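# Inside the fold
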Amino acid sequence: MTATATRVLVLNSGSSSVKYQLIDMNDGTRLAVGLVERIGEQTSRLAHTPLAAGGDKRETEGAIADHDAALKAVAAELAADGLGLDSPQLAAIGHRVVHGGLKFTEPTVIDDAVLKEIERLVPVAPLHNPANITGIRTAQAMRPDLPQVAVFDTAFHATMPEYAARYAIDVETADAHRIRRYGFHGTSHAYVSRKTAALLGKDPSEVNVIVLHLGNGASASAVAGGRCVDTSMGLTPLEGLVMGTRSGDIDPAVTFHLKRVAGMSTDEIDGLLNKKSGLIGLCGDNDMREIRRRIDEGDERAELAFDIYIHRLKKYIGAYSAVLGRVDAVAFTAGVGENAAPVREAAVAGLEEMGMAVDASLNAVRSDEPRLISPEYARVAVAVVPTDEELEIAQQTYALVNA
Ligand code: AMP
């Protein structure tokens, strides 16, 4: 790496998509951002915005066969703006990797052994890790000389005490199959808990925060003095809160019942709980904007779905208040948490005895900045803290390659 290498390319490779951002670490400026969608289909789409050049979003449609072709297309877009992957200013590529198991609790420079271990974790993250691996291999082939860093979604949760991470099942079986609570969205929980402390003018070590990451996927975490002590997602991102298409918590016996009584296969049950449950299963929509619109029109199914979503959220706020003992802040983040004022209002309604309240006019403010929405008298700060997983990945990557 040269002294002028201050840029990090962040890659988030999903099963049929690649999200990317090129960030200048001098000041966190986004030089370019983009997304390739529907990889492997005839109707793939690449949307690229060259922010540094002040240019408009460029969109191209047409078949992109695989991740290799997708990254080559991204590299060509970047090169067209003078930001090509061959630039000496590029310090590293940071990859989001969903599952790091027990081994990876820190950002890690990727070599063959690391890649093998990420592969070994495929059985516990069958939807995510294979796509992450493909993205890494493709990027390595394009810039074999450049440090490539894996930043794991599970890492922030590695500090959970054993009694929070272990399920109450036979220990030998659990250990043989590495079954335990790993937690996900860790990059976001880490970033948002730190930002919340900053909003309160405190060091992260001084505050206890409940982070509610409410996007299409959703998870809660209890963060005590900067360290995660519990989180709602488990072995996989299916457990916990009601999500856009995932059930969250459910009696595990429902799965046996579906198999024995409804005659469903394991894959069908997996599809039901991951893709046809949560808000979409309850009311046919997974977008909170649409659900609120339907509620305003008097739609009872949408209202029930909303109430179930809020009830689960409240249960986690209560549970994590007990786990933390003292709560300094509740922070809402991600698509729903940052934008849906009615969700924030309803989740905190009735919790005044616990020191939590939302001020209606502060809650109605729309902003990209971290902000408090609780009234001054409230003992617990309620905050909206926009997440920035890409910046966090870039910062962790850059810190590691400069260490
Ligand atoms: P994420 O996974 O963090 O990108 O969040 C995506 C979800 O955020 C969408 O499915 C919507 O439910 C929700 N969302 C985004 N914008 C809004 C908005 N303005 N109001 C309510 N919900 C929103």
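Description of the structure in this document. Nothing here was measured: the structure is a model prediction, and the numbers come from that model.

This part takes up the nonpolar core. Ranked by internal contacts, the top residues of the largest apolar core, which has 41 residues, are L212, L214, M288, Y309, L313 and V343. For this core, the secondary structure elements donating two or more residues are β9 (208-214), β10 (218-224), α9 (278-283), α10 (288-296), α11 (300-324), β12 (329-333), α13 (341-348) and β14 (381-384). Broken down by element, this core gets its largest block of residues, 10 residues, from α11. In this view, L212 contacts S219, A220, L313, I317, V330, A331, F332 and T333; residues no more than four positions away in its chain are not counted. Formed by 32 residues, the second largest nonpolar core is a distinct cluster that contains M25, V223, C228 and A381.

On to empty space enclosed by the protein. Tallied over the entire structure, the rule returns one cavity of 30 Å³ or more. Approximately 40 Å³ is the volume found for the largest cavity. A per-element tally of the lining of the largest cavity places helix α1 (residues 67-80) first, with four residues. Tallied by class, the residues present in the lining of the largest cavity amount to nine nonpolar, no polar and no charged.

Within helix α2 (residues 112-120) the residues assigned to the buried category are V114, L115, E117 and I118. Around the axis of α2, the buried residues are gathered within 160° of arc, so they sit on the same side. Exposed side chains of α2 directed beyond 90 degrees from the buried face belong to D112, A113 and K116. Looking at where α2 begins, the residue whose side-chain oxygen comes 3.1 Å from the main-chain nitrogen of A113 is D111.

Time to look at the environment of D270. Position of D270 among the secondary structure elements: in helix α8 (residues 266-275). Overall, D270 belongs to the partly exposed group, its relative accessible area being 41%. Between the C-alpha atom of D270 and that of L238, which follows or precedes it by 32 residues, the distance is 9.7 Å.

Ring pairs (aromatic) are described by centroid distance and by the angle formed between their planes. Here the structure, examined in full by the defined rule, presents two aromatic pairs. Plain terms: the ring middles of F104 and F152 are 4.7 Å apart, the flat faces sit at 0° to each other, and that makes the pair stacked. A residue pair is termed long-range when its members are at least 10 positions apart, and F104 in the loop between β6 (90-97) and β7 (108-109) and F152 in strand β8 (residues 148-152) qualify at 48 residues. Classification of F104 by relative accessible area gives buried; the value is 7%.

Turning our attention to the sheet that holds strand β1 (residues 7-13). Spatially, eight strands are ordered β5-β4-β3-β2-β1-β6-β8-β7 in an open sheet, and the strand pairing comes out mixed. Each having just a single partner strand, β5 (58-61) and β7 make up the two edges of the open sheet. Where β6 meets β8, five bridges bridge the pair, whose relative direction is parallel. Within β8, the position partnered with G94 by the bridge is V149. In the packing of helix α3 (residues 129-142) onto the sheet, contacts are made with β1, β6 and β8, and the angle to β6 comes to roughly 165°.

What follows covers the layout of surface pockets. Counted as a void, the second largest pocket has a volume near 330 Å³. At the level of secondary structure, the elements contributing two or more residues to the lining of the second largest pocket comprise α10 and α12 (334-339). For the lining of the second largest pocket, the residue count by class is nine nonpolar, six polar and four charged.

Glancing now at α8. Inspection of α8 places I269, L273 and N274 among the buried residues, and these make up the whole buried set. Down the axis of α8, the smallest arc covering the buried residues is 115°, so these residues share one side. Those residues of α8 that are exposed and angled more than 90 degrees off the buried face are D267 and K275. Turning to α8, the residues buried within the fold contact α7 (253-260).

Glancing now at the pairing of strand β4 (residues 45-49). Extensive coverage of β4 is indicated by the burial of five of its five residues. Burial along β4 is two-sided: the residues R45, A47 and T49 and L46 and H48 are all buried. Relative to β4, strand β3 (residues 29-37) runs antiparallel, the two sharing five bridges. Counted as the bridge partner of L35 is A47 from β4. Sheet topology note: the β4/β5 ladder contains four bridges and is antiparallel. Note on β5: the bridge partner recorded for A47 is E59.

With that settled, consider the side chain of S221. Within the element layout of this structure, S221 appears in strand β10. On the accessibility criterion, S221 (0% relative accessible area) is buried. Polar contacts involving the side chain of S221 include one to the side chain of H189, which spans 2.7 Å. Beyond its immediate stretch of four places on either side in the chain, S221 contacts H157, H189, V209, I210, V211, C228, D230, T231 and Y320.

Calculation criteria
- Residues numbered from 1 in each chain as written.
- Predicted model: local features only at pLDDT ≥ 70, side-chain atom pairs only at ≥ 80, totals over all residues.
- Heavy atoms only, no water.
- Core = buried A, V, L, I, M, F, W, Y, C linked by side-chain atoms within 4.5 Å.
- Buried < 20%, exposed > 50% of the residue type's maximum accessible area, 1.4 Å probe, protein only.
- Helix = DSSP H or I, 4+ residues; strand = E, 2+ residues; numbered from the N terminus.
- Contact = heavy atoms within 4.5 Å.
- 1 Å grid on protein atoms, 1.4 Å probe; cavity = no way out; pocket = protein on both sides within 12 Å on 5 of 7 lines; lining within 4 Å.
- Points joined across faces, edges and corners; volume = space filled by probe spheres on them.
- Nonpolar A, V, L, I, M, F, W, Y, C, P; charged D, E, K, R; others polar.
- Arc of directions from axis to C-beta.
- Polar contact = N/O pair within 3.5 Å; in protein donor to acceptor, adjacent residues only side chain to side chain.
- Phe/Tyr/Trp six-rings, centres within 6.5 Å; stacked < 30°, edge-to-face > 60°.
- Pairing = 2+ DSSP bridges.
- Axes fitted to C-alpha atoms, helices over the stretch in contact; angles between N-to-C directions.

In short, the description is geometric, and any link to function would need to be established separately.
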